[in-house]
Number of protein chains: 2
Amino acid sequence: MQSNPTTDIQQVKDIFSEHLRERKARRTPERFAILEEIYNRDDHFDAESLYIHMKTNNYRVSRATVYNTLELLVSCDLVKKHQFGKNLAQYEKSYGYKQHDHLICNTCGRVTEFCDPRVQQIKNMMGDILSFRVTGHSLNLYGECAGACERTQ
Amino acid sequence: MQSNPTTDIQQVKDIFSEHLRERKARRTPERFAILEEIYNRDDHFDAESLYIHMKTNNYRVSRATVYNTLELLVSCDLVKKHQFGKNLAQYEKSYGYKQHDHLICNTCGRVTEFCDPRVQQIKNMMGDILSFRVTGHSLNLYGECAGACERTQ
DNA sequence: ATACCTGCAAAAGCTTTGCACAAGG
DNA sequence: CCTTGTGCAAAGCTTTTGCAGGTAT
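Keep in mind that what you see is a predicted model, and the values were worked out from it rather than measured. (Residues numbered from 1 in each chain as written. Chains lettered and ligands numbered in written order. Predicted model: local features only at pLDDT ≥ 70, side-chain atom pairs only at ≥ 80, totals over all residues. Heavy atoms only, no water.)

Enquirer: Which residues make up the protein's contact with DNA strand C, and what are the values?
Expert: Every one of the 21 residues lining DNA strand C counts as a neighbour, but Tyr67(A), Arg26(B), Arg60(B), Ser62(B) and Thr65(B) are closest to it. Counting only atoms of DNA strand C within 4 Å of the protein, the sugar-phosphate share comes to 72%. A distance of 2.8 Å is found between a base nitrogen of DNA strand C and a side-chain nitrogen or oxygen belonging to Arg26(A). Between DNA strand C and the protein, one listed contact pairs a phosphate oxygen with a side-chain N or O atom of Arg31(B) at 3.2 Å. Among the secondary structure elements, those contributing two or more residues to the surface near DNA strand C are α4 (63-75) of chain A together with α2 (29-39) and α4 (63-75) of chain B. Considering each element in turn, the surface near DNA strand C owes the most residues, three residues, to α4(B). When its residues are assigned to classes, the surface near DNA strand C shows eight nonpolar, six polar and seven charged. (Near = heavy atom within 4 Å. Polar contact = N/O pair within 3.5 Å; in protein donor to acceptor, adjacent residues only side chain to side chain. Helix = DSSP H or I, 4+ residues; strand = E, 2+ residues; numbered from the N terminus. Nonpolar A, V, L, I, M, F, W, Y, C, P; charged D, E, K, R; others polar.)

Enquirer: Let's hear about the interface of chain B and chain A: which residues, and what values?
Expert: Listed as interface residues are 36 residues of chain B and, on the opposing side, 36 residues of chain A. Between chain B and chain A the total buried area reaches about 3100 Å² when both faces are included, carbon and sulfur atoms providing 65% of it. Among the residues chain B hides against chain A, the three largest losses belong to Arg118(B), Ile122(B) and Phe132(B). Together they make up 21% of the total. The tally of links between chain B and chain A comes to zero salt bridges. (Contact = heavy atoms within 4.5 Å. Buried area = accessible area lost by both parts, 1.4 Å probe. Salt bridge = Lys/Arg side-chain N within 4 Å of Asp/Glu carboxyl O.)

Enquirer: Account for a nonpolar patch on the surface, naming residues and giving values.
Expert: Where nonpolar side chains cluster on the molecular surface, the patch consists of Met125(A), Ile129(A) and Leu130(A) and spans about 250 Å² of accessible area. For Met125(A), a relative accessible area of 37% corresponds to the partly exposed category. (Patch = residues over 30% accessible without salt bridge, like charges linked within 9 Å, V, L, I, M, F, W, Y side chains within 5 Å. Areas by Shrake-Rupley, 256 points an atom, 1.4 Å probe, with all protein chains shown as cover. Buried < 20%, exposed > 50% of the residue type's maximum accessible area, 1.4 Å probe, protein only.)

Enquirer: An account of the pattern of salt bridges is requested, with residue identities and associated values reported.
Expert: Residues and elements named next belong to chain A. Applying the stated criterion across every chain yields a total of 12 salt bridges over all chains. Across the pair Arg-118 and Asp-116 runs a salt bridge whose closest N-O atoms are separated by 2.9 Å. When its relative accessible area of 15% is taken as the criterion, Arg-118 is described as buried. Relative accessible area serves as the criterion here: at 3%, Asp-116 is assigned to the buried category.

Enquirer: Tell me about unusual backbone geometry, and name the residues and values.
Expert: Excluding glycine, a negative phi dihedral is what most residues carry, and trans is how most peptide bonds are arranged. The residue Ser131(A) is not glycine, and still its phi comes out positive at about 50 degrees. Tracing the backbone shows Ser131(A) in the loop between α5 (118-129) and β5 (132-145). Unusually for a residue other than glycine, Asp77(B) sits at a positive phi of about 65 degrees. On the secondary structure map, Asp77(B) appears in the loop between α4 and β1 (79-82).

Below, the structure is given as structure tokens:
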């Protein structure tokens, strides 16, 4: 994931706070701690590793709360959820990041990001043709890294 | 899924048979029964519903064999496997069908297919730019059907 | 004859749920 | 206060695995 030094954690917290208010959901310390944890990471992660990482850092939190909060964050677009062909959801922060798609190496599992404006053209055209309001998409390319890559993930 | 009257089940069985031979895997009646079952369907399905359908038709088969065979069929491109954002793999027959992508209604779950040549252009260009051998892809558009749709699936 | 395959059931792995207690509004 | 959220553990669901018996080659 590209680093983006302009992302201000406070801005993100404000957006989340506002989203919670709109939903009449409570602003609990756990929810903000999870948000912070996610925005301190720079990779794709799954719910379990997020949970483990917080436990390791002595933050008392439960899996239930992690899943619950991830869903809240996805619903306000602060986090994106992916299924890279496995039965394990992967997440990444998304505020301040350009929309992008993913290229996944079948051998080493590495995930690379890319952007292509044609994706937006496809969304627009297919929405029109098929009378469908397109609100999101997922495009993953699968294959093999060039140089040598090991099965590490 | 578009119907395709030109698909000949015998042709498909021959391809599978050849694939099994190459792999030095056995040509068991179960494997061909599952292949036939899949090619008699015209929709996207999950492993459990395929299993249930065969049991209902009094074909004695186990989940283990269904999963095993689905993997074999995916590996020789007779079946495609999808993850439409849920933790439940969906499959569809693919021999004789044009490559296509999917549009999924978040409300009613309906899956519509579409083709757009720009997907291939993106694959080619990104493979080049990122030194990646692209062997497959998955493009799903999510949104809402135009007219009224009910949550039925 | 001998691998490999199958059915069955149990296990595994991710996610959701139930419940009692805690705490935000 | 009252309702929603939390932690914990158990349940739920899809998929995988172990094992004993069966079968393709």
